[in-house]
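Per-entry structural report
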Amino acid sequence: MDITRRAFVKATAVMLASAAAAGTMSGMVGCSGAGSGGAASGGTTKTVGVCRFCGCGCGVIVEAKNGKVVSVTGDPDNQSNKGLNCVKGYYLASVLYGDDRLTTPLIRDDKSTKGTDSGLRKATWDEALDLVAGKLRETWKADKSRLAFWGSGQQPIVEGYCTAKFWKAGLLSNNIDPNARLCMASAVVGFMNIFQTDEPAGCYADIDETDTFVTWGANMAEAHPMLYSRVMARMTNGKGVKHYDLTTLRTRTSANATKVLVFKPGSDLAIANAIANYLVQNELYDHAFVAEHLQFKQGTENIGNATEDSYDGSEVGSKVGAVTGITLEEYAARLAPYTFEYAEELSGVPAADIKELADEFADKGRKMLSLWTMGVNQHNRGTWMNHCIYNIHLLTGRYARPGDGAFSLTGQPSACGTAREVGTFSHRLPADLVVAQEAHRRYTEAIWNLPNGHLDAIKKPGFHTVKIFRELSKGNIDFLWTAHNNWAVSLPNLTRFLGRGDKKGVIDAFVCVSEVYPTLSTQYADVVLPAAMWVEREGQFGNAERRTAVFEKAAIDPPGEAKWDLWMLMEVAHRVLDGEQIGGEDAFDVLFGQWYDKRAHDFKGDQREVSRSVWEEYRTFSNPSLNPSAEAINKEAKLKMENKQLAPYDLYIENHGLTWPVREVDGQWLPTKWRFCDGKQEDGFDEYGVKMYGTHGLAGGVSFYKSANARPSVVFRPWEPPAELPDAEYPFVFCTGRLLEHWHTGSMSRRVAELDRALPEALLDMNPDDCAALGVSDGDMVRLTSRFGACDIKVSTAGRTRPPAGSVFAPFFAEETLINLVVQDTYCPLSKEPDYKKTCVRIEKI
Ligand SMILES: Nc1nc2c(c(=O)[nH]1)N[C@H]1C(S)=C(S)[C@@H](COP(=O)(O)OP(=O)(O)OC[C@H]3O[C@@H](n4cnc5c(=O)[nH]c(N)nc54)[C@H](O)[C@@H]3O)O[C@H]1N2
Ligand SMILES: Nc1nc2c(c(=O)[nH]1)N[C@H]1C(S)=C(S)[C@@H](COP(=O)(O)OP(=O)(O)OC[C@H]3O[C@@H](n4cnc5c(=O)[nH]c(N)nc54)[C@H](O)[C@@H]3O)O[C@H]1N2
Ligand code: SF4
Ligand SMILES: [Mo]
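Calculation rules
- Residues numbered from 1 in each chain as written.
- Chains lettered and ligands numbered in written order.
- Predicted model: local features only at pLDDT ≥ 70, side-chain atom pairs only at ≥ 80, totals over all residues.
- Heavy atoms only, no water.
- UniProt positions renumbered as here; feature names shortened; annotations may be inferred.
- Helix = DSSP H or I, 4+ residues; strand = E, 2+ residues; numbered from the N terminus.
- Rg over C-alpha atoms; globule rule 2.2 N^0.38 Å.
- Buried < 20%, exposed > 50% of the residue type's maximum accessible area, 1.4 Å probe, protein only.
- Contact = heavy atoms within 4.5 Å.
- Areas by Shrake-Rupley, 256 points an atom, 1.4 Å probe, with all protein chains shown as cover.
- Lys, Arg positive; Asp, Glu negative; His and termini not counted.
- Charge placed at Lys NZ, Arg CZ, Asp CG, Glu CD.
- Axes fitted to C-alpha atoms, helices over the stretch in contact; angles between N-to-C directions.
- Parallel < 35°, antiparallel > 145°, perpendicular 65-115°, else oblique.
- Left-handed = near helix turned anticlockwise from the far one by under 90°.
- Nonpolar A, V, L, I, M, F, W, Y, C, P; charged D, E, K, R; others polar.
- Near = heavy atom within 4 Å.
- Polar contact = N/O pair within 3.5 Å; in protein donor to acceptor, adjacent residues only side chain to side chain.
- Domains from an automatic or database assignment.
- Buried area = accessible area lost by both parts, 1.4 Å probe.
- Salt bridge = Lys/Arg side-chain N within 4 Å of Asp/Glu carboxyl O.
- Expected span 1.5 Å × (residues − 1).
- Pairing = 2+ DSSP bridges.

As recorded in an unreviewed UniProt entry, the protein goes by Nitrate reductase and comes from Berryella wangjianweii. UniProt, in the comment section headed Function (unreviewed entry), describes the protein in these words: "Catalytic subunit of the nitrate reductase complex NapAB. Receives electrons from NapB and catalyzes the reduction of nitrate to nitrite." Database annotation for the protein, UniProt heading Sequence similarities (unreviewed entry): "Belongs to the prokaryotic molybdopterin-containing oxidoreductase family. NasA/NapA/NarB subfamily."

Moving on, we get to the overall build of the protein. Helix and strand counts for the protein come out as 32 helices and 36 strands. Here the C-alpha atoms of the protein give a radius of gyration of 26 Å, agreeing with the 28 Å that 2.2 N^0.38 yields for 846 residues. Seen along its three principal axes, the alpha-carbon backbone of the protein occupies a region of about 75 × 65 × 60 Å. For the protein, the proportion of its 846 residues judged to be buried stands at 65%. Within the protein, contacts between residues at least 6 apart in sequence are counted, and of these 73% link residues at least 24 apart. Just so you have it, the protein exposes about 27,600 Å², and 51% of that area is on carbon and sulfur atoms. Charged side chains in the protein number 92 positive and 106 negative. The centres of these two groups are separated by 1 Å.

Right, let's get into the packing of helix α5 (residues 157-170) against helix α27 (residues 607-622). As a packed pair, α5 and α27 sit with axes 10 Å apart at the nearest point and diverge in direction by 65°. Classed by the angle they form, the pair α5 and α27 counts as roughly perpendicular. α27 is crossed by α5, and the crossing has left-handed handedness. Taking contact as the criterion, the partners of I157, V158, Y161, C162 and K165 in α5 are, on α27, S611, V614, W615, E617, Y618 and F621. Class assignment for the residues of the contact of α5 with α27 results in eight nonpolar, one polar and two charged.

A word on the packing of helix α11 (residues 268-281) against helix α18 (residues 382-395). For the pair α11 and α18, the least separation of the axes is 10 Å and the interaxial angle reads 20°. The angle between α11 and α18 places the two elements in the roughly parallel class. For the element pair α11 and α18, the recorded crossing hand is left-handed. Across the interface between the two elements, D268, L269, A272, N273, I275, A276, L279 and V280 from α11 touch W384, M385, C388, I392 and L395 from α18. For the contact of α11 with α18, the per-class residue count stands at 11 nonpolar, one polar and one charged.

The next point concerns the site of ligand 1. Taken together, 33 residues lie around ligand 1, and N219, A223, T247, H742 and H744 are the ones closest in. Measuring from a nitrogen atom of ligand 1, one finds a backbone N or O atom of G375 at 3.2 Å. One of the backbone N or O atoms of H742 is found 2.6 Å from a nitrogen atom in ligand 1. Contact with the protein chains hides 99% of the accessible area of ligand 1, taken as 920 Å² for the molecule alone. Looking at the shell around ligand 1, the elements with two or more residues in it are α8 (220-223), α17 (374-377) and β31 (732-737). No other element matches the three residues that α17 contributes to the shell around ligand 1. Counted by class, the shell around ligand 1 contains 14 nonpolar, 13 polar and six charged residues.

When the domains of the protein are assigned, the result is domain 1 (2-96), domain 2 (107-179 + 416-613), domain 3 (185-409), domain 4 (623-706) and domain 5 (732-823). When each unit is reduced to the centre of its C-alpha atoms, the spacing between domain 2 and domain 3 is 35 Å. For the pairing of domain 2 and domain 3, the buried interface totals around 1,300 Å² over both sides, and the portion due to carbon and sulfur atoms is 38%. Joining domain 2 to domain 3, the criterion identifies five salt bridges. In this structure, the salt-bridge partner of D198 is R420, at a minimum N-O distance of 2.5 Å. At three residues, the largest contribution of residues to the side of domain 2 that touches domain 3 is made by helix α21 (residues 465-473). Split into classes, the residues belonging to the side of domain 2 that touches domain 3 amount to one nonpolar, two polar and 10 charged.

Before going further, it helps to examine helix α25 (residues 565-577). Relative to the 18 Å expected for 13 residues at 1.5 Å per residue, α25 spans 18 Å between its end C-alpha atoms, a close match to the ideal helical length. The buried count for α25 comes to 13 of 13 residues, which makes it a mostly enclosed element. Taken from the residues just after α25, G579 is the one with a positive phi, measuring 90°.

With that settled, consider the sheet that holds strand β22 (residues 547-551). The three strands are arranged β21-β22-β27 in an open sheet whose pairing can be described as antiparallel. Each edge of the open sheet is held by one strand with a lone partner, namely β21 (539-542) and β27 (658-659). Where β22 meets β27, two bridges bridge the pair, whose relative direction is antiparallel. Pairing of T548 across the sheet is with L658, part of β27.

In the vicinity of ligand 2, 35 residues are found, and the nearest of them are N179, S490, E515, T745 and S747. Here Q378 contributes a side-chain N or O atom positioned 3.1 Å from a nitrogen atom of ligand 2. About the coverage of ligand 2: the protein hides 100% of its 910 Å² of free accessible area. The set of elements that each furnish at least two residues to the shell around ligand 2 consists of α22 (487-490), β19 (510-515) and β31. Three or more residues apiece are contributed to the shell around ligand 2 by two domains, here domain 2 (107-179 + 416-613) and domain 5 (732-823).

Under the UniProt annotation, the feature "binding site: [4Fe-4S] cluster" (unreviewed entry) is placed at C51, C54, C58 and C86. The named residues occupy 36 residues along the chain; their greatest pairwise C-alpha distance, 10.0 Å, places them in one compact cluster. Counting through the fold element by element, C54 comes out in the loop between β2 (44-50) and β3 (59-65). Its relative accessible area of 11% is what places C54 among the buried residues. Setting aside chain neighbours within four positions, we find C54 in contact with A223, H224, P225, G411, Q412, P413 and W743.

Mapped onto this structure's residue numbering, the UniProt feature "domain: 4Fe-4S Mo/W bis-MGD-type" (unreviewed entry) falls at residues 44-100. End C-alpha atoms of residues 44-100 are separated by 26 Å, and the span's content is 16% helix alongside 37% strand.

Let us now look at the environment of F812. Relative to the helices and strands, F812 is located in the loop between β35 (807-811) and β36 (839-845). Assessed through its relative accessible area of 12%, F812 is described here as buried. Sequence-wise, F812 and F497 are 315 residues apart; in three dimensions their C-alpha atoms are separated by 18 Å. Setting aside residues no more than four positions away along its own chain, F812 makes contact with V489, S490, G737, R738, H744, T745, I819 and N820.

Our focus in this paragraph is the sheet that holds strand β12 (residues 295-299). Here we have three strands laid out as an open sheet, ordered β13-β12-β30, and mixed in their pairing. The open sheet has two edge strands, β13 (323-326) and β30 (713-716), and neither has a second partner. Pairs of neighbouring strands in the sheet enclose a mean axial angle of 35°, with direction left out of account.

Moving on to the side chain of T373. Checked against the element boundaries, T373 lands in the loop between β14 (368-372) and α17. For T373, a relative accessible area of 9% puts it in the buried group. Once residues lying within four places of it in the same chain are set aside, the contact partners of T373 are G217, A218, H224 and L409.

See below:
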């Protein structure tokens, strides 16, 4: 049948409308009643959920009674966690019920009250939405470069998808970026550079099969507790299983490690290169794998530091992405200086310990699993360090095989699913597509039913996160909307825009914050929009192992007038786009008319129906056969979009989550556990890839069919020093991060009495020798001062981490301590992710 894409979109809308007519769509946003998956028994309903905290993505079962969530337990049917949870998971219900949930829209009339507790008054939704939309439209008409949206890896998939669609196709603006820029950006650029696809090849089952764990800057015991308990189980049950913990300070993750390699901040590049050097010089790499699968490269070096804005446009800043091909021999020659002794000199780790780890990688009888998180990503050479880890794994043929792989851990519940997969970054479009590539824009236009060339207005990437906030501090942003984040606590170098001491902050922009609780960010807002939280609405997350899962709306309502974030977006979008046209039709209706009736101010169905329908459109990106025009572009431009297939929406609920690619084989939708690895799809292997593209000579091997010439790259990346080194004025390296009980800025977890009591304040962990030298002891208040700003904090030598002399650590959950006033906003030149791990500070007793 010859079906045009306009007809196709209309057909989808008709399907939805007829479902409504048949009476399957009843409630509107915020309607009461069970989530449709709920099974009632004795007045309680059970719904399937996913934890709203970390990237482990634990499945949970939510029980509600009398309009309240009464219990949350681990979901045994979710294959990511098989019933396990951590303490934050146990208290998920309480997270909804803090005393001060936001229940009405708030407006600030007097800008001079910004940054204080007062000044916000109650408003109606109409007044608040008119004000937000009016300011956005005014800015949009005057100068598109002066508006921005700052999103999140905690935004559910459907919400993120629609936000990206509004911003990119509706406003034709690329000034949209998520907090994932602060988190996964280096991992993403690493993936794209090496494999030309943004995805980990392995899955959590690797943990149950490996022989040696290597953590390269990941504190899994505090930050990925469920996965860490799987690591512990494997260590206990497996024979001779080892764990090497590479870290800049001892953490709870170090406690049970076989060996802890404490290295000087930023010297991880030297250690990784020394291991690669040893493998290459001693012919201990996998010769067949290298010959069949790999290519070698080197790139721009001596790239300096992205401390100020002028960096990106500078001579070196504009060349940081350049790479050229080299031979294996040339690669070996570049590595040659990295002897174990040289690595010891730079890192402080004994040469013998590095050799011991290198020998593990050389041992063909062992499976090796590397895991890393922010130690590697929040790094002035974060992208390079991602490359260095892949180098070791690729050289030894340890990638994409069960138990043998390099697994980049994701922090947030949907940093993968939303920020990365639907593309809420300033340079991206959904499903790994980027704005800069013409074929990618054409493909997106086909699916979004836009005229050819519509997206050419957004060829150039917009402002990345650090840039958005630096511009804000210079008065160059007039409108900012933020959701699912707490930027006034989480951004680095807060002093730049909040000001403190003799530094004046500047937040002249009109700021709209969608939130569930009052935060420091709402104190800087002109309008606060109260949101329905977690299972008060339906949503979807994509976790670290490519598992997409739906959390159903429980049988509860949001408090007061709090609304679904997607409803707010629709209401602002139609007000802003009122009178605008796309291809001769009403702009809002072209983008969202299939789901939302702007005249009725409501969705054309209940949350399940709307989510399913948005999902179906999004799913077209990776299943181009669903849309003839997209399929034609996919074929012609050889985009290989069908290699990331997603299943129909309801299967995610039935299966309690599925890992993509999810492929239809004989009418059954089968998930994939090991990407690029030959084996039966029924057993979780990527059979499709091998069927389509071959194994490139190796029987039972792997097929890197998404990589350029089907060959991932080994890229030589030298060690280069951190942005700042300790000196007489700032003698300590300040590392920041998180601890088990609290989530990020503490806005949710600190409202749970049990979690708050367990960890009531942010302490500065110090080495006892440093304390003695400075004459400070536990409980003393000190002032931390960096080149960027200062904060006051209490000292502890008995905290969760044990820094070596010269290093200190603090978590960032406490807004009264606000350590990010001190932290640098220097970022990795390739990924633009800031280095939160090594700001130089001085410490003075106060
Ligand atoms: N309890 C809890 N869990 C969480 C979160 C939370 O807020 N609370 N947040 C989630 C999110 S979004 C994230 S991103 C993750 C973060 O998870 P992690 O990255 O595991 O935790 P952090 O505390 O940020 O980082 C601490 C690690 O940084 C390493 N590090 C410091 N400097 C360097 C260096 O120069 N090189 C290397 N290689 N390593 C270094 C340290 O060795 C230490 O292991 O946690 C997730 N899980
Ligand atoms: N010093 C230091 N700073 C860091 C880091 C570090 O390691 N060190 N790590 C960085 C990293 S990796 C990350 S990921 C960021 C995280 O930083 P942020 O994302 O800015 O911090 P969160 O506290 O997670 O903010 C999420 C907010 O969303 C709100 N919320 C909850 N549910 C909903 C909802 O349904 N709708 C809406 N609209 N809002 C909701 C919560 O109340 C909460 O205030 O922090 C970064 N900052
Ligand atoms: S915080 Fe992470 S580990 Fe804990 S229950 Fe939630 S998803 Fe699981
Ligand atoms: Mo993160």
